[in-house]
Amino acid sequence: MPQAISPEFSSSVKLKYVKLGYQYLVNHILTFLLIPIMVGVLIEVLRLGPDEILKLWNSLHFDLVKILCSSFLIIFAATIYFMSKPLSIYLVDYACYKPPVTYRVPFATGVEHAKITFRSNPKCVDFVKRILERSGLGEETCLPPATHYIPPRPTMKAAREEAQEIIFSAMDSLLYKTGLEAKDIDILIVNCSIFSPTPSLSAMVINNYKLRSNIKSFNLSGMGCSAGLISIDLARDLLQVHPNSNAVVISTEIITPNCYQGKERAMLVPNCLFRMGGAANLLTNRRWERRRAKYRLLHVVRTHKGADDKAYRCVMEEEDPEGNVGVKLSKDLMAIAGEALKSNITTIAPLVLPASDQLLFFIILTGRTILNLNWKPYIPDFKQAFEHFCIHAGGRAVIDELQKKLQLSAEHVEASRMTLHRFGNTSSSSLWYELSYIEAKGRMKKGDRIWQIAFGSGFKCNSAVWKCNRNIKPPTDGPGPWLDCIHRYPVQIPEVVQL
């Protein structure tokens, strides 16, 4: 006997079609308005007949001077428009650093190090085990050689060697993939949050590749995991005022000097999550590069909550009571990240959402902020605006929270979860490992839109929106972080790994 359809299911289906109808109506409102006007004009023309149309045309008087002046004004206005229009910024290609297997740190190694380091403090060992069990990391994440020692040896020499290995490897891969010559680099931006030596990392790159003496170089530090998108924003601004230029952006975080050797739990968490990684990107404003460029930059939106004391201190580098330096994570971190995300969404939503969602978003935002109505905040359906999402792989909790707030499916956050599992939290470069994952899976098509979201100390939430410029085939050879393991992904990641 057939089962009756439940009222809840029936009402949900009706609501779905009502929503689809509303979206179609609002998104095509101009079409619906123009069609009756065009039909009316066509009917009137047919009613007049050819003789009356010819008579009307002959009655018009054209003055040569007026025609020339009108043409001049049109040409002048078009020239001003095209000259004032922002230059299109293209991402030609990018490359990610892949650590050698000898740097691998499986869970057993991490737990063994914790047992030896904290042999007199079993509570710290249990804490490290709990963090690793729930971290979402896999067995193939890597740490630099200096951290493999017991105790670690975070010397300046070791930190520089790590920086050279990551940055030069990513840079070599980028030059190989793009065919770019070092002399053609006009702008260089390097971002690394905590390790900021003298000479700077950007100077190190200039020295190694013998870049031009008139290159515009910048070195960003202390800006956390969202510094990669800040660097993209800086490159975009520089490319707007320097035509026919190439900009290379290098994003990394050097782990060697950041290895905390104390016992404070809030400062041990970064030791469990952060791993080696780095990426190099080539951006350009040269129009002839459009055909081979992978992506076009549409928007960069930056949100800074540093005026709030809690937000400012939620990720803080400081000393513990024993004098050990480390990065302390506040318990309020996820709540503060949520508030920063809300502010960022408020700015980016009008830029990317279809008209139907913009209208609803504006109405509810007005009701909550101006009329003080007790309405629930409206979370726009960003799945209508983007095909792919690259959420900073800062940890399982970060990905879970954004998936919930943005109402994303498991497939939408797959790239972030798999990047966290394979490479760990690689700080500002994690977004590029995620983009590389999507490409390696063969999911990136021409016209697809990508939303990159990153969080950083201060506290910051930054977004970048890209549009795919051409169909991208999965790489079969050459440098690539996923080349030898993409066939194994996605993998099932348990809530708790028993160690």
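Just above, that's the structure.
Residues numbered from 1 in each chain as written. Predicted model: local features only at pLDDT ≥ 70, side-chain atom pairs only at ≥ 80, totals over all residues. Heavy atoms only, no water.

Novice: Outline the overall build of the chain, listing residues and values.
Specialist: In terms of helices and strands, the chain carries 15 helices and 11 strands. Along the first, second and third principal axes, the C-alpha atoms of the chain reach 100 × 75 × 45 Å. With 499 residues in all, the chain has 46% of them scored as buried. Taking as baseline every contact in the chain between residues at least 6 positions apart, the subset at least 24 positions apart corresponds to 79%. Accessible surface, the chain: about 26400 Å² in total, of which carbon and sulfur atoms supply 60%. (Helix = DSSP H or I, 4+ residues; strand = E, 2+ residues; numbered from the N terminus. Buried < 20%, exposed > 50% of the residue type's maximum accessible area, 1.4 Å probe, protein only. Contact = heavy atoms within 4.5 Å. Areas by Shrake-Rupley, 256 points an atom, 1.4 Å probe, with all protein chains shown as cover.)

Novice: Tell me what's going on with helix 11 (residues 333-352), and back it up with residues and numbers.
Specialist: What sets the pattern is the α-helix's 3.6 residues per turn: residues three or four places apart point alike. An ideal rise of 1.5 Å per residue puts 28 Å on 20 residues; helix 11 measures up with 27 Å between its terminal C-alpha atoms. Within helix 11, the axis deviates most sharply at T346, by approximately 30 degrees, and proline P350 lies no more than four positions further along. Among the residues making up helix 11, those that are buried are L333, I336, A337, G338, A340, L341, N344, I345, I348, A349 and V352. (Expected span 1.5 Å × (residues − 1). Bend = angle between axes of the 7 residues up to and from the residue.)

Novice: Would you mind going over the state of the cysteines in detail, with residue names and values included?
Specialist: All chains considered together, the criterion is met by zero disulfides. With no disulfide of its own, C192 lies 11 Å from the sulfur of C225, the closest cysteine sulfur. (Disulfide = S-S within 2.5 Å.)

Novice: Requested: an account of the nonpolar core, with residues and values cited.
Specialist: If you look at the biggest cluster of nonpolar residues, it comprises 76 residues, and the most contacted ones within it are V205, V248, I250, Y295, W432, W466 and W482. Among the nonpolar cores identified, the runner-up in size contains 51 residues, and C314, L341, I345 and F455 belong to it. (Core = buried A, V, L, I, M, F, W, Y, C linked by side-chain atoms within 4.5 Å.)

Novice: Which residues make up the side chain of S173, and what are the values?
Specialist: Within the element layout of this structure, S173 appears in helix 6 (residues 156-178). The exposure class of S173 is buried, given its relative accessible area of 11%.

Novice: Describe the pairing of strand 8 (residues 325-329), and please don't skip the residues or the numbers.
Specialist: In the sheet, strand 7 (residues 315-319) pairs with strand 8 via five bridges, with the strands oriented antiparallel. Bridge assignment links M316 to a residue of strand 8, and that residue is K328. Between strand 7 and the antiparallel strand that follows it, strand 8, lie five residues; G323 among them carries a positive phi value of about 90 degrees. (Pairing = 2+ DSSP bridges.)

Novice: Explain the environment of G395 residue by residue, including any values.
Specialist: Tracing the chain through its elements places G395 in the loop between strand 9 (388-391) and helix 13 (396-405). On the basis of relative accessibility, which here comes to 6%, the residue G395 falls in the buried class. Placed 27 residues apart in sequence, G395 and R422 show a C-alpha to C-alpha distance of 12 Å.

Novice: Quick rundown of the pattern of salt bridges? Include the residues and the values.
Specialist: Under the criterion given, the structure shown has 22 salt bridges. Across the salt bridge formed by D237 and R236, the nearest N and O atoms sit 3.8 Å from each other. Assessed through its relative accessible area of 40%, D237 is described here as partly exposed. With relative accessibility at 22%, the residue R236 sits in the partly exposed group. (Salt bridge = Lys/Arg side-chain N within 4 Å of Asp/Glu carboxyl O.)

Novice: Pulling in residues and values, what's your account of the packing of helix 6 against helix 7 (residues 201-209)?
Specialist: Think of two packed helices as two axes; the pair is described by the angle between the axes and how far apart they sit. One can describe the packing of helix 6 onto helix 7 by two numbers: an axis separation of 11 Å at closest approach and a directional angle of 55 degrees. The angle between helix 6 and helix 7 falls in the class oblique. Regarding helix 6 and helix 7, the two cross each other, and that crossing is right-handed. Facing helix 6, whose interface residues are A163, Q164, I167, F168, M171, D172 and L175, helix 7 presents L201, M204, V205, N208 and Y209. For the contact of helix 6 with helix 7, the class distribution of residues is nine nonpolar, two polar and one charged. (Axes fitted to C-alpha atoms, helices over the stretch in contact; angles between N-to-C directions. Parallel < 35°, antiparallel > 145°, perpendicular 65-115°, else oblique. Left-handed = near helix turned anticlockwise from the far one by under 90°. Nonpolar A, V, L, I, M, F, W, Y, C, P; charged D, E, K, R; others polar.)

Novice: An account of the sheet that holds strand 1 (residues 89-96) is requested, with residue identities and associated values reported.
Specialist: Across the sheet, which stays open at both edges, the nine strands sit in the order 3-2-4-5-1-6-11-10-9 with mixed pairing between neighbours. Of all strands in the sheet, those bounded by a partner on one side alone are strand 3 (216-220) and strand 9. Within this sheet the neighbouring strands show an average axis-to-axis angle of 25 degrees, counted without direction. Where strand 6 (residues 295-304) and strand 11 (residues 460-468) come together, nine bridges link them in antiparallel fashion. If you follow R296 over to strand 11, its bridge partner there is K467.

Novice: Before we move on, can you summarise the environment of M316 with the specific residues and values?
Specialist: For M316, the location among the structural elements is in strand 7. Among the residues examined, M316 registers a relative accessible area of 17% and is labelled buried. Sequence separation of M316 and P144 is 172 residues, and the distance between their C-alpha atoms is 23 Å. If we ignore the near neighbours within four places in the chain, the residues touching M316 are G326, V327 and K328.

Novice: A description of a nonpolar patch on the surface should follow, citing residues and the corresponding values.
Specialist: On the surface, a nonpolar cluster with roughly 690 Å² of combined accessible area is contributed by L359, F362, I363, I370, L371, L373 and W375. Mapped onto the elements of the fold, L359 is located in helix 12 (residues 355-369). (Patch = residues over 30% accessible without salt bridge, like charges linked within 9 Å, V, L, I, M, F, W, Y side chains within 5 Å.)

Novice: Pulling in residues and values, what's your account of the packing of aromatic side chains?
Specialist: Each aromatic ring pair is described using two quantities: the centre-to-centre distance and the angle formed by the ring planes. For the structure on display, the rule yields 13 aromatic pairs. With centroids separated by 6.2 Å and ring planes inclined at 55 degrees, the aromatic side chains of F389 and W451 adopt a geometry described as tilted. Placement of F389 in strand 9 and of W451 in strand 10 (residues 449-456) is noted, with a sequence separation of 62 residues between them. Taking the relative accessible area as the measure of exposure, F389 reaches 1% and is therefore buried. Here F423 and W482 contribute two aromatic rings whose centre-to-centre distance is 5.2 Å and whose plane-to-plane angle is 90 degrees, an arrangement assigned as edge-to-face. Here the residue F423 occupies a position in helix 14 (residues 414-423), and W482 occupies one in the segment after strand 11, the gap between them amounting to 59 residues. Here a set of aromatic residues connected by ring pairs shows up, and it is made of F423, Y433, Y437, W482 and Y489. (Phe/Tyr/Trp six-rings, centres within 6.5 Å; stacked < 30°, edge-to-face > 60°.)

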